[in-house]
Amino acid sequence: METGLSGQGVLVTGGAGGIGTAVVGSFAAEGARVAIHHHTSRTEAERLAVEVGGVALRADLRRQPEADQLVAEAVAGLGGLHVCVANAGVWPSAEQPIWEMTSERWESTIASNLSVTFHTVAAFLRHVRSTGRGNVVLIGSTAGLLGEAGHSDYAAAKGALLTGLLLSIKNEVALLGAGVRVNAVAPGWTVTPMIADARSDPSLMERVTATMPLKKLGRPEDVAAAVVWLASDLLAGHVTGHVITVAGGMEGRIVP
């Protein structure tokens, strides 16, 4: 199916691992020019950039000046920038109830998920303000829709992203151009290195799939397909402010 993404410049934050790598590959398969952002995964990002004919760019997105510089480098490296996939984030694997969670962990998780998304989107939309065209896809999580015991910090960050942030900026971006859109994808449990430790616990895997009609974990390619669809003005040009959940029909969580 034609997506109309051929030749478009796409920035994928956190593009060097897990879901990000699949997103990069899917855009490249559509003929898009891709900038692969990384913070610490330089080797992986540069290898992927060679594979897809893109560019690898480093930034610490917890810092707004570095996010601004990242967008400028993506524009220069790709010859233009039309799509931003705000995928960078961190899931702390250790389960901690809120009464045991330190403020340092809370603040680190919020900074590494919600703040990096704010900085990325703000920088990209300052670019869109000068071009009048652009498209944002935020990567959330079912943790932000259903909560996640032991990870209230992560769930709070992703919940804020999928509600207050998304629903506010989808109205704001309309001021920048009639076709400027912002949507989000909320993956459920997906086979990535980030959840490698959790996947080794059979009882946990049984619990997380218990409310899924599709009794399996998702693949990064499942999430990437939804991202590409939302990014395509040809396919989803009248869709903005929406969340697509990619979680096998998950209806809730089994509470231990």
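In what follows, the structure referred to is the one given above.
Residues numbered from 1 in each chain as written. Predicted model: local features only at pLDDT ≥ 70, side-chain atom pairs only at ≥ 80, totals over all residues. Heavy atoms only, no water.

**Brief notes about the overall build of the chain**
Reasoning step 1: Each helix and strand counted, the chain has 10 helices and seven strands in total.
Reasoning step 2: What you see for the chain is a C-alpha radius of gyration of 17 Å, in line with the 18 Å of a compact globule of 256 residues.
Reasoning step 3: Taken over the C-alpha atoms alone, the chain extends approximately 50 × 40 × 40 Å along its principal axes.
Reasoning step 4: A buried classification covers 50% of the 256 residues belonging to the chain.
Reasoning step 5: On the chain, roughly 11,500 Å² of surface is accessible, and the fraction owed to carbon and sulfur atoms is 56%.
Reasoning step 6: Seen as two clouds, the 19 positive and the 23 negative side-chain charges of the chain have centres 4 Å apart. (Helix = DSSP H or I, 4+ residues; strand = E, 2+ residues; numbered from the N terminus. Rg over C-alpha atoms; globule rule 2.2 N^0.38 Å. Buried < 20%, exposed > 50% of the residue type's maximum accessible area, 1.4 Å probe, protein only. Areas by Shrake-Rupley, 256 points an atom, 1.4 Å probe, with all protein chains shown as cover. Lys, Arg positive; Asp, Glu negative; His and termini not counted. Charge placed at Lys NZ, Arg CZ, Asp CG, Glu CD.)

**Considerations on the nonpolar core**
Reasoning step 1: Ranked by size, the top nonpolar core spans 32 residues in total, and within it L11, F124 and L138 carry the most contacts.
Reasoning step 2: At the level of elements, α3 (64-78), β4 (83-86), α4 (103-131), β5 (135-139), α6 (152-172) and β6 (181-187) are the ones that each hand at least two residues to this core.
Reasoning step 3: With near-sequence residues (within four places) excluded, L138 lies in contact with A86, T117, V121, L161, L166, V182, N183, A184 and V185.
Reasoning step 4: Core analysis: the second largest hydrophobic core is formed by 28 residues, V12, I19, V83 and V246 among them. (Core = buried A, V, L, I, M, F, W, Y, C linked by side-chain atoms within 4.5 Å. Contact = heavy atoms within 4.5 Å.)

This is a description of form; function is not addressed.
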